[in-house]
Amino acid sequence: MGINPATRLQLILAIVGLLSNACAHATVSPQISSVSRPTGANVFDDYLKTEFEPADGFDFSVGDRDGKGGYQDRATGQRYSGWYVATHFPDIYSYGIHTGEDWTGNGPPASDLGQEVHAVANGRVAFADFCGKLWGNVVMMDHVFYENHEKKQIRSVYAHLHEIKVRTGQTVRRREVIATVGQDPDKLFAPHLHLELRWDQTLDPTYWPSSNGKDVAWVKEHYTAPSAFINNHRTVPLPQRESNLILIDQATYKMRLYQSGQLVKEFDVSFGQGQGTKQVEGDKKTPVGMYFVIQKHTGVFEGPYGAYFGGYWIRINYPNGFDAIRGRSQQLISTEQQENIARQWNQRQPTLEQTKLGGGIGFHGWIKEWDNSGSRRLSWGCIVMHIYDISEFYDRIPVGAMVVIF
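Reference entry: report on the structure contained in this document. The model shown is predicted, which means the values in this text are computed figures rather than measured ones.

Conventions used here
Here the residue index of a chain counts from 1 through its sequence in written order. pLDDT decides what is reported in this predicted model: residues at 70 or higher carry local features, side-chain atom pairs at 80 or more are listed and counted, and totals for whole chains, interfaces and linings draw on all residues regardless. Hydrogens and water molecules were not included; the side-chain quantities draw on all heavy atoms of the structure. Here a strand is any run of E in DSSP of at least two residues, a helix any run of H or I of at least four, and the numbering for each starts at the N terminus. Only protein chains enter the accessibility calculation, which uses a 1.4 Å probe; a residue whose area is less than 20% of its type maximum is buried, one above 50% is exposed, and one in between is partly exposed. The contact criterion used is simple: two residues touch if any of their non-hydrogen atoms lie within 4.5 Å. Neither His nor the chain ends is counted toward charge; the positive residues are Lys and Arg and the negative residues Asp and Glu. Charge placement uses NZ in Lys and CZ in Arg. For Asp and Glu, CG and CD serve respectively. We define a salt bridge as a side-chain nitrogen of Lys or Arg found within 4 Å of a carboxyl oxygen belonging to Asp or Glu. The term polar contact refers here to a pair of N or O atoms within 3.5 Å; inside protein, the definition further demands a hydrogen-donor-capable atom paired with an acceptor-capable atom, and it admits residues adjacent in sequence only when both atoms are side-chain atoms. Among buried residues, the Ala, Val, Leu, Ile, Met, Phe, Trp, Tyr and Cys ones that are joined through side-chain atoms within 4.5 Å form a nonpolar core.

Within the protein chain, the regular secondary structure consists of seven helices and 23 strands. Counting only C-alpha atoms, the protein chain reaches 85 × 45 × 40 Å along its principal axes. For the protein chain, the residues scored as buried account for 52% of the 406 residues in total. Long-range pairs, those at least 24 residues apart, make up 67% of the contacts in the protein chain between residues at least 6 apart in sequence. Charge centroids of the protein chain, computed over 40 positive and 43 negative side chains, lie 2 Å from each other.

Attention now goes to the side chain of Asp200. Within the secondary structure layout, Asp200 lies in the loop between strand E13 (193–198) and helix H3 (216–222). Buried and unpaired, Asp200 has Arg155 as its nearest opposite-charge partner, separated by 7.5 Å. Among the polar contacts made by the side chain of Asp200, one reaches the side chain of Thr202 at a distance of 2.5 Å.

By secondary structure assignment, the location of Asp56 is in the loop between helix H2 (43–48) and strand E1 (70–72). Taking the C-alpha atoms as reference points, Asp56 and Tyr71, separated by 15 residues in sequence, lie 27 Å from one another. Apart from the residues lying within four places of it in its own chain, the contact partners of Asp56 are Asn122, Arg174, Arg234, Thr235, Val236, Leu238 and Arg241. At 3.0 Å, the side chain of Asp56 and the side chain of Arg174 are in polar contact.

Turning our attention to the environment of Arg241. Of note, Arg241 is situated in the loop between helix H4 (226–232) and strand E15 (244–249). For the pair Arg241 and Ser260, spaced 19 residues apart in sequence, the C-alpha separation works out to 7.1 Å. Once you skip the residues sitting within four places of it in the chain, Arg241 turns out to touch Glu53, Asp56 and Arg173.

On to the side chain of Asn122. You can see Asn122 is positioned in the loop between strand E7 (116–118) and strand E8 (123–130). In this structure Asn122 comes out as buried when scored by relative accessible area, which is 1%. Polar side-chain contacts of Asn122 include one of 3.0 Å to the backbone oxygen of Pro54. Only 2.8 Å separates the side chain of Asn122 from the backbone nitrogen of Arg174, close enough to count as a polar contact. Residues within four places of Asn122 in sequence aside, it is in contact with Glu53, Pro54, Ala55, Asp56, Asp142, His143, Val172, Arg173 and Arg174.

What follows deals with helix H5 (residues 321–329). Given 3.6 residues per helical turn, the α-helix brings residues three or four places apart onto the same face. Residues of H5 that are buried: Gly321, Asp323, Ala324, Arg326 and Gly327. Where H5 is buried, its residues meet strand E18 (289–298) and helix H6 (335–346). Here H5 starts with a cap whose side-chain oxygen sits 2.9 Å from the backbone nitrogen of Phe322, and that cap is Asn320.

Residues Phe58, Val117, Val139, Tyr158 and Ile178 are the most contacted members of the largest nonpolar core, which totals 31 residues. Of all the secondary-structure elements, those providing two or more residues to this core are strand E3 (83–87), E8, strand E9 (137–147), strand E10 (150–164), strand E12 (177–181), E13 and H4. Contacts of Val139, omitting those with residues within four sequence positions, involve Val125, Phe127, Ala128, Ser156, Val157, Tyr158, Leu161, Ile164, Val166 and Ile178. Core analysis: the second largest hydrophobic core is formed by 27 residues, Ile248, Leu257, Ile316 and Ile383 among them.

Structure below.
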């Protein structure tokens, strides 16, 4: 009597689950805490401190940095052009939900055996060892990167490797060779690179969700599609490399100015009258995110509220690309407006201010000196500085400076 398909799938997943435990107790480098908002005694130091070089961008791991380019078959000397993804994330196939992408060369099967595998970004090797059947040699790397106002971490996993060229704990640069393309020990599959990007760093090297009763929704929460992520993060900001960096913490009413990586001065500041993160025009809230100085002006300001500038105005390019994504999802702006805002923000240029998201956010003084012990919610959304601080700050800050508001 034959086995019905459902029972067969359960047996396959049970076997995969057993084989995937080969590295369950392997030594893995300690995880890095990954938080959306810095925590601890000093939020500024927590934000800037990393245990190894943060990513300045992400590239593809085979072929050239774009996942293209030719290669030479090491066995025959024949040259072939290009790479492709044979199994995508999160395809459902005979072994369950595919957790990453299987990259293979455009030549015949095995033509890509021994081709170089590159680190997708700067990072540190969390694991590098043999993991038995199905997986073979595996390397895992941790990457820290900055996105909007957040410091994040993601883990890359490279499996079915022929040679491992790094060791656990080693720091690695973007595009550095870490291994070569191989195949599973029993040669059940043609040589290829199995590449994963995991948000969850607690998972064992060979963890397989389908063998643990997880569904597609769970997989999408704990992993991400490698190609989509890499394409969306070809370049990422690196605050530590900024010549001029301003960090602002709304919770403590503090602001720090860094120049060439060194702390210059800390300032007391106040914020918008509205509580929470700015969402729309007129909510009187201060935004949260990464922005850039786009305009400076000092002197007399006309109009009924001109005196509230305190003689100084430093504008930032709110809304940014992330505000625009939120605005589009809430149908506050059009697709064209979202694309325009993202493009201008990436170029550190002024972004659209005449939308429902609002605009006109920046630094300024105040109509009179204010007391730190009084109300710290003064403005219509801007960062308010003491009159005795604003002139020095104005002189030090050039157009183009990075501003990160927590």
